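Residue-level structure breakdown
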Amino acid sequence: MKSNSPKSMQVFVFLLLALGLIGLALGGYLTPVSRILLNPIISAQTWIAKRYQAVQSLITQPEDVTTLRQQNSALEAENSRLQVQIVELQQQVIEAQLLSTLVDYERRHVENLYIAASVIARDVSPFMHYVIIDRGSDDGLRKGMPVITQQGLVGSIAAVTAGAARVQLINDPGSSINVILQQSDVEAVLNGQITGEIELNMISQNATVQPGDLVMTSGIGGNYPANIVIGQVVTIRNEASSLFQTASVQPAVDFSQLEIVLIITNFQSIDISPLIPTPSSP
Amino acid sequence: MINLIGIILFGILTIFQSTIVSTMPLLKGTADLILLFIVAWALQDRVDTAWQWCLIGGIFASLYSALPFGSFIVAYIICVGIARLLKRRIWKAPFLAMLAAIFISTLVIQLISLIARLIMGVSLPLTNILNLILLPSVLLNLILAIPVFSIMHDMADWLYPEKLDV
């Protein structure tokens, strides 16, 4: 009995201590102590866990790298495919917008019949401002038919084969068009230049021409229908010694960006050269 | 066989010239791929088809140009003649011969084009032609001359292998 009492006392003390500690812990009085005790343990645990994960990844790495490389190649291939698709779709959007504006133009000018054609080549000589289109006599194209875009006059068909046609641009040095200035009703002749610009000639000295005047086809001469926009007057040169004024014109069409054009198929140019008197004729 | 290769080569070159090179002018001048390849071919040793290739190139160029048919053929024939002459004179320095031949040939081509346009009834201002077409074209052709010569040198080695003396 005697020997049991110290043990009972010990148990009782431990119980008291345990209850005291629980009480202190519940009351939050042990938090600083537990922090001091737990922090080194947590640090050690973290350090060991990280090293273990590093060693584990080192052991399993070759397998992962192969998988990742395969996934990477597959993703890269898909990315390339999607990029190509984006470029194609962007191109289609641009083409659709262009065609839509051409259709709008066609609807606004119902008096004419049109055929659309793509510009597929340019003349190989820098002396010639011509383009080649992908429609020819099989599509009903004939020499002399006017070629336009929604912006304005491009030129006329100079030669035709079964599947293609050559178009002389209005900025070719050999091109000559009778025009009228919309604001002032002044008639003139529009000539192309080797520089790619277009110039108004044969403007009467009495005529009043202003920068910004709209230049349109007059229809005289029978080569082009009337009232097709060509461009705007930029500068006027009026020399006292010359018989006529000249003016440079900003074309409405950007000839370096020609992609799709419209050909007016119900207009046939008239050759009036036999009617022009020559010095040898009686 | 060699002429068939020439037809395919100049067909492709003409398409490149009309769709890509002609849309990339320096001022208003453009490089002339057909001229470069014809002259480079004419300057190669052992090559005996220079005149045939010149004719093929001239026909292709004429098909893609509004200049009177034959203008390019005549121009390229003169250029091959010049190249052959230079090859005999400057045979020790083929690159120099190529540069000299391209310089002179570009002038010849532009002169014949100018004459052709004059015959067509279109007079052109010479100063503009010199500044905007002639000088830029010469520059572009000279830049491309050496790479084209190297390509044609390899092609000549392939089509005309050197005979070994046993």
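Residues numbered from 1 in each chain as written. Chains lettered and ligands numbered in written order. Predicted model: local features only at pLDDT ≥ 70, side-chain atom pairs only at ≥ 80, totals over all residues. Heavy atoms only, no water.

It is worth spelling out the confidence of the model for chain A at this point. Low pLDDT means the predicted atomic positions in that stretch should not be read closely. Per-residue pLDDT for chain A averages 88, and the proportion of residues at 70 or more is 96%. Looking over chain A, one finds the lowest element-wise mean pLDDT in helix α1 (residues 4-26) of chain A, namely 85, and the highest in strand β5 (residues 165-169) of chain A, namely 96. (pLDDT = per-residue confidence, 0-100. Helix = DSSP H or I, 4+ residues; strand = E, 2+ residues; numbered from the N terminus.)

With antiparallel pairing, 6 strands are arranged side by side around a closed barrel as β6-β7-β8-β11-β10-β9 (chain A). Between one strand and the next, the sheet's axes are offset by a mean angle of 40°, whatever the strand orientation. (Pairing = 2+ DSSP bridges. Axes fitted to C-alpha atoms, helices over the stretch in contact; angles between N-to-C directions.)

This part covers empty space enclosed by the protein. By the definition in use, this model includes 1 cavity of 30 Å³ or more. Reported here for the largest cavity is a volume of approximately 90 Å³. Together, 15 residues line the largest cavity, and Pro126 of chain A together with Thr30, Asp32, Ile109 and Gln110 of chain B are the ones closest to its centre. Where the lining of the largest cavity is concerned, the elements lending two or more residues are α5 (94-119) and α6 (126-159) of chain B. For the lining of the largest cavity, the leading source of residues is α5 of chain B, giving 4 residues. Class assignment of the residues belonging to the lining of the largest cavity gives a composition of 6 nonpolar, 8 polar and 1 charged. (1 Å grid on protein atoms, 1.4 Å probe; cavity = no way out; pocket = protein on both sides within 12 Å on 5 of 7 lines; lining within 4 Å. Points joined across faces, edges and corners; volume = space filled by probe spheres on them. Nonpolar A, V, L, I, M, F, W, Y, C, P; charged D, E, K, R; others polar.)

Attention now moves to the packing of helix α3 (residues 50-63) of chain B against helix α4 (residues 71-89) of chain B. All names here are of chain B. Between α3 and α4, the least distance of the axes is 8 Å, while the angle of their chain directions is 150°. In terms of orientation, α3 lies roughly antiparallel with respect to α4. Our pair here, α3 against α4, has a crossing hand that is right-handed. Contacts between α3 and α4 pair Ala50, Trp51, Cys54, Leu55, Gly57, Gly58, Ile59, Ala61 and Ser62 from the former with Phe72, Ile73, Tyr76, Ile77, Val80, Gly81 and Arg84 from the latter. Tallied by class, residues from the contact of α3 with α4 come to 11 nonpolar, 4 polar and 1 charged. (Parallel < 35°, antiparallel > 145°, perpendicular 65-115°, else oblique. Left-handed = near helix turned anticlockwise from the far one by under 90°. Contact = heavy atoms within 4.5 Å.)

In this section: the environment of Leu102 of chain A. Residues and elements named next belong to chain A. Counting through the fold element by element, Leu102 comes out in helix α2 (residues 31-108). Note: C-alpha distance between Leu102 and Ala158 (56 residues apart in sequence) is 22 Å. If we skip the residues at most four places from it in the chain, Leu102 touches Thr149, Gln150, Ile260 and Leu262.

On to the layout of surface pockets. Here the largest pocket defines a volume of roughly 720 Å³. Lining the largest pocket are 27 residues, with Lys143, Ser156, Gln168, Gly174 and Asn223 of chain A positioned closest to its centre. At the level of elements, β4 (153-160), β5 and β6 (176-181) of chain A are the ones that each hand at least two residues to the lining of the largest pocket. Sort the elements by how many residues they give to the lining of the largest pocket and β4 of chain A lands first, with 4 residues. Looking at the lining of the largest pocket, its residues break down into 12 nonpolar, 11 polar and 4 charged. In this structure, the second largest pocket spans a volume of roughly 560 Å³. Lining the second largest pocket are 27 residues, and of these Arg122, His129, Asn171 and Ser256 of chain A together with Lys28 of chain B lie nearest its centre.

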